[in-house]
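Summary of structural features
Listed here are the chains, written in short residue letters.
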Amino acid sequence: MATAVTILDIPDAILTTIIAAVTDTRTRNSISLVCRKWHALDRLTRTRLALRGNVRDPFLVPTCFRHVTSLDLSLLSPWGTHLGGGGGGGGRDGSAAALVARRIGMAFPAVRALTLYVRSSASVSALAPQFPSLEEVKLVRWHQRPQGVPLGAEFDGLFESCREIESLDLSEFYCWTEDLPPALQAHREVARNLQVLDVLNPSFAEGFKGNEIMSIVGVCGNLRVLKAGCVFDPRYVGFVGDEALGAIVENCRKLRVLHLVDIAGGAQDLDAEGFAGEDVGISRAGWFEFLGGLGLVEELVLDVRKNVRDSAMAMEVLATKCPNLRKLKLGMFHGLCLAIESHLDGIALCHGLEELSIKNCADLTDLCLIEIARGCSKLTKFEVHGCKRITVRGLRTMACLLSTSLIDVRISQCENLDAAASLQAVEPIREHIEKLHIDCIWRDDGSYQTGDRFDLNGIGGSGLYEEVGISNMHHEFSDDDDVVVSATEGRMRKRIKFSSDYNNGYCQKAWAKLRFLSLWISVGELLTPFLELGLEHCPNLEEMQIKVEGDCRERPKPAHREFGLTWLTQFPKLSKMKLDCSDTIGYALTAPSGHMDLSLWERFYLNGVGSLMMLTELDYWPPQDREVNRRSLSLPAAGLLAQCNSLRKLFVHGTTHEHFIMFLLKIENLRDVQLREDYYPAPENDMSTEMRVNSCCRFEDALNMRRIPD
């Protein structure tokens, strides 16, 4: 009789490959508990690790992950403290940091990629010598830059110890823009080795000026990825202009990814038509030379916050000179295509595009969307932001034309596209769309604006669709807004009808493949109107992001008891959620008569979170009082979060009182909790609450002493 074959009979080489392909952390942890052999294979193939332990316990650093090559130390507890366990960088903290760094270096000898929270340069000086072969470095800091430190001095310890760095990520590291150029100039060998440089940090007071960009690219000639926040405003001295853009293409000829974004704070001042008050200080010839020199670029982001007019010809240069371009994001570029008859022009000639984002294009119309869909037929992701002239008809037609490829759509701040209209527009791809973002803007009468009628047959006749391989197509909008497309090609005749079952004009069918849903909603509004839109039928929705924005001080008390989180119980697989109230402004302490303070608003938004029985991970940003720079979890919020028994991970992006956070110990399955003040400027010394380093330690001790059911 033949012996039964079990999984233990799989050859080690195959089993190692299978285990290495598993990326979920909890699954990997379960694998390591099967038997000694699987435990050894897990440790052998585990290449990425994020430590969450307390820096006061260096003896608890695991020593069994000898093959880890990517190590994340930015989330060590207590969050945002010095590597030695305190808030400073000298004396006793410096000695403790050296001890912890030595222990980490011995435990992870194979590290090539490191992420580190740098409260002061002492952390880098202590840890960098332990990993001289580092290739990728990401520094994180939300606290203010230490005073009295010379320009560029914070990078000296890193560049002197690690000369093989190929990737430097400063996108979450607050410093001055004047710090980096002199550091790179002083360490030219490191600068020549750099292939990835990310300095696109939104917390900068202002972006890099033209001379700073020229200084950086002058010594970093081998860059393949460059992401930078810039100053494009021509009213500023040293703004990025023709000379700086020319220096980029002249010195960095290997660029594959380029992001240049104006990070000036505040809302853009646009007129009624969507144009800014000034034009960008870059000539048309400058754009032609710049875009024509990016021959190898695959991903391009240009968001300049000032008008770039009549950009169709520049887009044609981009299409001609950059055949490998796959991702494109443009902000304040007007005249992207002319949409004249059936002729493709402008951005529609970028036939290889797979992802396209258009922001604040004042003259983008429905016909432009249709032309883009015809020319960019490979689009899988499309984002439109702040475009006032497009309507549901144009976007819906675009979705029809891209129905075989488009799976990711983001629609925000478009005047004619409220929540109902946005869902109507993407209904043709409802069965296979995977990611969706819309703004929760409701109309009192329940209607949506569709714009003027137009007949596609009247635009260039049958030639409209000749360039996409269809010789004769009829596309018209009926009164009930169903789209009927009939096509004849040779002897084949098809009739495709994108119809739907509507209740009160809204789709009632399932969004079968929708896995991610992002919503923007104004303060005081409710989620419950979604019940009337048909979006409740999402059987595979796994993750949601909800952004609440507005000034509570100007709002009356809500007429309803809760925001509407109870409605989310209709999603059986919803396990991860981000509730971001960081841009919700109110009174943190005593509110004037007739107004609610932030604790009552938090009760409004978190009421019902305990009913989400499948929710295992929650990121929560409390509302803030900007006058006192306070973002704190209140007593009602802590009590409501304590009712969510299914949570395993809870990250509060703010602070709270010690006795409030102790409420969270009532959550039976809770395994990972952290307070992160990851907003700029993070308070140097938290005097507004009772949370201190010792408070976090006491909570973590109480959390770790509990028995976890699974």
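Residues numbered from 1 in each chain as written. Predicted model: local features only at pLDDT ≥ 70, side-chain atom pairs only at ≥ 80, totals over all residues. Heavy atoms only, no water.

Next up on the list: the overall build of the protein. The helix and strand tally for the protein stands at 19 helices and 27 strands. Split into buried and exposed, the 710 residues of the protein put 54% on the buried side. (Helix = DSSP H or I, 4+ residues; strand = E, 2+ residues; numbered from the N terminus. Buried < 20%, exposed > 50% of the residue type's maximum accessible area, 1.4 Å probe, protein only.)

With respect to the secondary-structure elements, Thr 569 resides in the loop between strand S21 (543–551) and strand S22 (576–585). For the pair Thr 569 and Ser 611, spaced 42 residues apart in sequence, the C-alpha to C-alpha distance is 6.9 Å. Apart from the residues within four sequence positions on either side, Thr 569 is in contact with Ser 611 and Leu 612. (Contact = heavy atoms within 4.5 Å.)

This part covers the packing of helix H11 (residues 284–292) against helix H12 (residues 312–321). Angle between the axes and distance between the axes: these two values describe a pair of packed helices. It is the contact of H11 with H12, at a shortest axis distance of 9 Å, that shows an interaxial angle of 15°. On the basis of their axis angle, the class for H11 and H12 is roughly parallel. In the packing of H11 onto H12, the handedness of the crossing is right-handed. Residues Arg 284, Phe 288, Leu 291 and Gly 292 of H11 touch H12, and the partners they reach there are Met 313, Ala 314, Met 315, Val 317, Leu 318 and Lys 321. For the contact of H11 with H12, a count of residues per class yields seven nonpolar, one polar and two charged. (Axes fitted to C-alpha atoms, helices over the stretch in contact; angles between N-to-C directions. Parallel < 35°, antiparallel > 145°, perpendicular 65-115°, else oblique. Left-handed = near helix turned anticlockwise from the far one by under 90°. Nonpolar A, V, L, I, M, F, W, Y, C, P; charged D, E, K, R; others polar.)

Quick look at helix H14 (residues 392–401) now. Residues lying three or four places apart along an α-helix face the same way, a consequence of the helix completing one turn every 3.6 residues. In terms of burial, H14 is a largely internal element, nine of the ten residues being buried. Looking at H14, one finds that the buried residues are Val 392, Arg 393, Gly 394, Leu 395, Arg 396, Thr 397, Met 398, Ala 399 and Cys 400.

A cluster of like negative charges, contributed by Glu 135, Glu 136, Glu 164 and Glu 166, occupies part of the molecular surface. Relative accessible area serves as the criterion here: at 35%, Glu 166 is assigned to the partly exposed category. (Patch = residues over 30% accessible without salt bridge, like charges linked within 9 Å, V, L, I, M, F, W, Y side chains within 5 Å. Areas by Shrake-Rupley, 256 points an atom, 1.4 Å probe, with all protein chains shown as cover. Salt bridge = Lys/Arg side-chain N within 4 Å of Asp/Glu carboxyl O. Lys, Arg positive; Asp, Glu negative; His and termini not counted. Charge placed at Lys NZ, Arg CZ, Asp CG, Glu CD.)

With the rule as written, the count across this model stands at zero disulfides. Looking at Cys 387, it has no disulfide partner, and the nearest cysteine sulfur is the one in Cys 414, 5.3 Å off. Accessibility expressed as a relative area gives 0% for Cys 387, which makes it buried. For Cys 414, a relative accessible area of 5% translates into the label buried. (Disulfide = S-S within 2.5 Å.)

Evaluated as defined, the whole model comprises 29 salt bridges. As a salt-bridge pair, Glu 154 and Arg 141 come within 2.6 Å of each other at their nearest N and O atoms. With Glu 154 in the loop between strand S4 (136–141) and helix H6 (156–161) and Arg 141 in strand S4, the pair connects residues that are 13 residues apart, well separated along the chain. Ionic pairing is found between Glu 627 and Arg 553, a salt bridge with its closest N-O pair at 3.7 Å. Within this pair, whereas Glu 627 is found in the loop between strand S23 (617–621) and strand S24 (632–633), its partner Arg 553 is found in the loop between S21 and S22, the two being separated by 74 residues in sequence. Connected through salt bridges with shared partners, the residues Arg 28, Asp 42, Arg 43 and Arg 46 form a single ionic network.

Before going further, it helps to examine the pairing of S22. In terms of residue burial, S22 counts as a mostly covered element, since seven of its ten residues are buried. Relative to S22, S21 is paired through eight bridges, and the arrangement is parallel. For Ile 546, the partnering residue across the bridge sits in S22 and is Leu 579. The pairing of S22 with S23 spans five bridges and is classified as parallel. Counterpart to Lys 576 in the pairing with S23 is Glu 617. Regarding the hand of the β-α-β motif, the stretch spanning S22, helix H16 (residues 598–606) and S23 is right-handed. (Pairing = 2+ DSSP bridges. Right-handed = clockwise from strand over helix to strand, strands pointing away.)

The next thing to look at is the nonpolar core. The tendency in soluble globular proteins is for nonpolar side chains to be buried side by side. Core analysis: the biggest nonpolar cluster contains 190 residues, and Phe 108, Phe 290 and Ile 546 have the highest contact counts within it. Among the elements that make up this core, the one with the highest residue count is helix H15 (residues 419–426) (six residues). Setting aside chain neighbours within four positions, we find Phe 108 in contact with Leu 49, Leu 51, Val 61, Pro 62, Phe 65, Val 68, Leu 71 and Phe 131. (Core = buried A, V, L, I, M, F, W, Y, C linked by side-chain atoms within 4.5 Å.)

To continue, consider the environment of Ala 183. Looking at the element boundaries, Ala 183 is found in helix H7 (residues 180–186). As a C-alpha pair, Ala 183 and Leu 151 span 32 residues in sequence and 7.8 Å in three-dimensional space. The residues contacting Ala 183, other than those within four sequence positions of it, are Gly 152, Phe 155 and Phe 159.

With that settled, consider the confidence of the model for the protein. Looking at the protein as a whole, the pLDDT averages 86, with 88% of positions reaching at least 70. The low-confidence segment residues 446–507 (pLDDT under 50) makes 134 contacts with residues lying over four places distant or belonging to another chain. (pLDDT = per-residue confidence, 0-100.)

All right, on to the packing of helix H9 (residues 210–219) against helix H10 (residues 242–251) then. Here H9 crosses H10 at 10°, and the two axes come no closer than 9 Å. Comparing the axis directions of H9 and H10 gives the class roughly parallel. Listed contacts from H10 to Gly 210, Ile 213, Met 214, Val 217 and Gly 218 of H9 are Glu 243, Ala 244, Ala 247, Ile 248 and Asn 251. Its residues assigned to classes, the contact of H9 with H10 comprises six nonpolar, three polar and one charged.

In this section: unusual backbone geometry. A cis geometry characterises the amide bond from Ser 77 onward to Pro 78, with omega recorded as -10°. With respect to the helices, strands and loops of the structure, Pro 78 is situated in the loop between strand S2 (70–72) and helix H4 (92–107). Of note, the bond from Tyr 680 into Pro 681 is cis; its omega dihedral lies within 30 degrees of zero at -5°. The backbone of Arg 305 sits at a positive phi, close to 65°, despite the residue not being glycine. For Arg 305, the position within the fold is in strand S9 (residues 299–308). Arg 305 gets classed as buried once you look at its relative accessible area, which sits at 16%. Of note in the backbone geometry, Met 332 takes a positive phi value of approximately 70° without being a glycine.

Bridge count for strand S5 (residues 167–173) against strand S6 (residues 196–199) is three bridges, and the pairing is parallel. Bridge pairing in S6 places Ser 167 opposite Val 196. One ladder, built from four bridges, connects S6 with strand S7 (residues 225–230); its direction is parallel. Bridge pairing in S7 links Asp 198 to Lys 227. Handedness of the S6-H9-S7 crossover: right-handed.

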